[in-house]
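Listed here are the chains, written in short residue letters.
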Amino acid sequence: MSESNVNEIEQEPIRRAFNIRWIAAGAIILWGLVSIGEVLITRYIIAPNDGLTEAMEMAGEIQQRKDLASSEDEKAMESLDAEKDEVRSILLGSMGVVLSLVVLLFFIPFAVGVAVGRFSGRIVDGALACSVGMLIVAVTRGTMIGAAVALVIYLGIGALGGLVGRRFRPSPSSDTVNH
C-alpha cells in the first residue's frame, strides 16, 4: 500500500451507525414538548370544563385507592377498574382531549423524527430519538408498561418521521452554485 493511500484512509472520517448528538437532542426536545403539552392540555382544555375536571380528580382518587388496595381483593380491584373505565370514557368523549392527545402522542413525535431525520440524514436517528424521548416521558410518569409500549410504537413513528425528514434534506450539490 502506498503512503498516499494510507493518508487518504486515515483522513476519512469514521461513519457511525447513528448520531448520538441528534438522538439526544431529539429525545430531550420531545420530552420537553410533551411535558409542556400536558400542562397546556390540563390548563386550557381540562380546567375550563367542570366535567373533565371532575373526571381528572376521580382518576387521581382511583389511582390512590388502587395503590393502597391489595391485589388479592378481587371485588375492590373490579370496582376500581369499572370506575377507571368510566373516567376514561368521560375523558375520551371530549373531542378537545382526543385531538390534543393525538397531537401530543403522534404528531409531536413524528415532527421530532422529521427534524432529526432531516438534520442527521439518517432514518435510524429519528426512530431512536422518538423512542428514547417517549421512554423518558413514560419513565418519568411512572408507567413501566407504557415504557415498553413506547419503545416499540415510537420506533415506528420516529422511523416514518426520519424517512420524511431525510427526503427533505438538501443534497450537498445543491448548496454550491457555480456562477
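Asker: Where do I start with the overall build of the protein in this structure?
Answerer: Tallying secondary structure elements over the protein gives eight helices and zero strands in all. Seen in sequence order, the protein has helices and strands lined up from the N terminus as α-α-α-α-α-α-α-α. Relative to its 179 residues, the protein shows a buried fraction of 27%. Here the contacts in the protein between residues at least 6 apart in sequence split such that 73% fall between residues at least 24 apart.

Asker: In this structure, what is going on with the pattern of salt bridges? I would like to understand it.
Answerer: Close approach of charged atoms allows side chains of opposite charge to pair. A complete count under the given rule lists two salt bridges for this structure. For Arg141, the salt bridge is made with Glu38, and the minimal N-O distance between the two is 2.7 Å. Placement of the pair is Arg141 in helix α6 (residues 123-141) and Glu38 in helix α2 (residues 20-46), with a sequence separation of 103 residues. Assessed through its relative accessible area of 35%, Arg141 is described here as partly exposed. Looking at Glu38, the relative accessible area reads 29%, which means it is partly exposed.

Asker: Explain the packing of α2 against α6 here, please?
Answerer: Look at α2 against α6: their axes get within 8 Å of each other, and the N-to-C directions meet at 45 degrees. When the interaxial angle is binned, α2 and α6 end up oblique. Read as a crossing pair, α2 and α6 show a hand that is right-handed. The residues of α6 that touch α2, namely those facing Trp22, Ile23, Gly26, Ala27, Leu30, Trp31, Val34, Ser35 and Glu38, are Asp125, Leu128, Ala129, Cys130, Val132, Gly133, Met134, Ile136, Val137, Thr140 and Arg141. Looking at the contact of α2 with α6 residue by residue, the classes come out as 13 nonpolar, four polar and three charged.

Parameters and conventions
- Residues numbered from 1 in each chain as written.
- Predicted model: local features only at pLDDT ≥ 70, side-chain atom pairs only at ≥ 80, totals over all residues.
- Heavy atoms only, no water.
- Helix = DSSP H or I, 4+ residues; strand = E, 2+ residues; numbered from the N terminus.
- Buried < 20%, exposed > 50% of the residue type's maximum accessible area, 1.4 Å probe, protein only.
- Contact = heavy atoms within 4.5 Å.
- Salt bridge = Lys/Arg side-chain N within 4 Å of Asp/Glu carboxyl O.
- Axes fitted to C-alpha atoms, helices over the stretch in contact; angles between N-to-C directions.
- Parallel < 35°, antiparallel > 145°, perpendicular 65-115°, else oblique.
- Left-handed = near helix turned anticlockwise from the far one by under 90°.
- Nonpolar A, V, L, I, M, F, W, Y, C, P; charged D, E, K, R; others polar.

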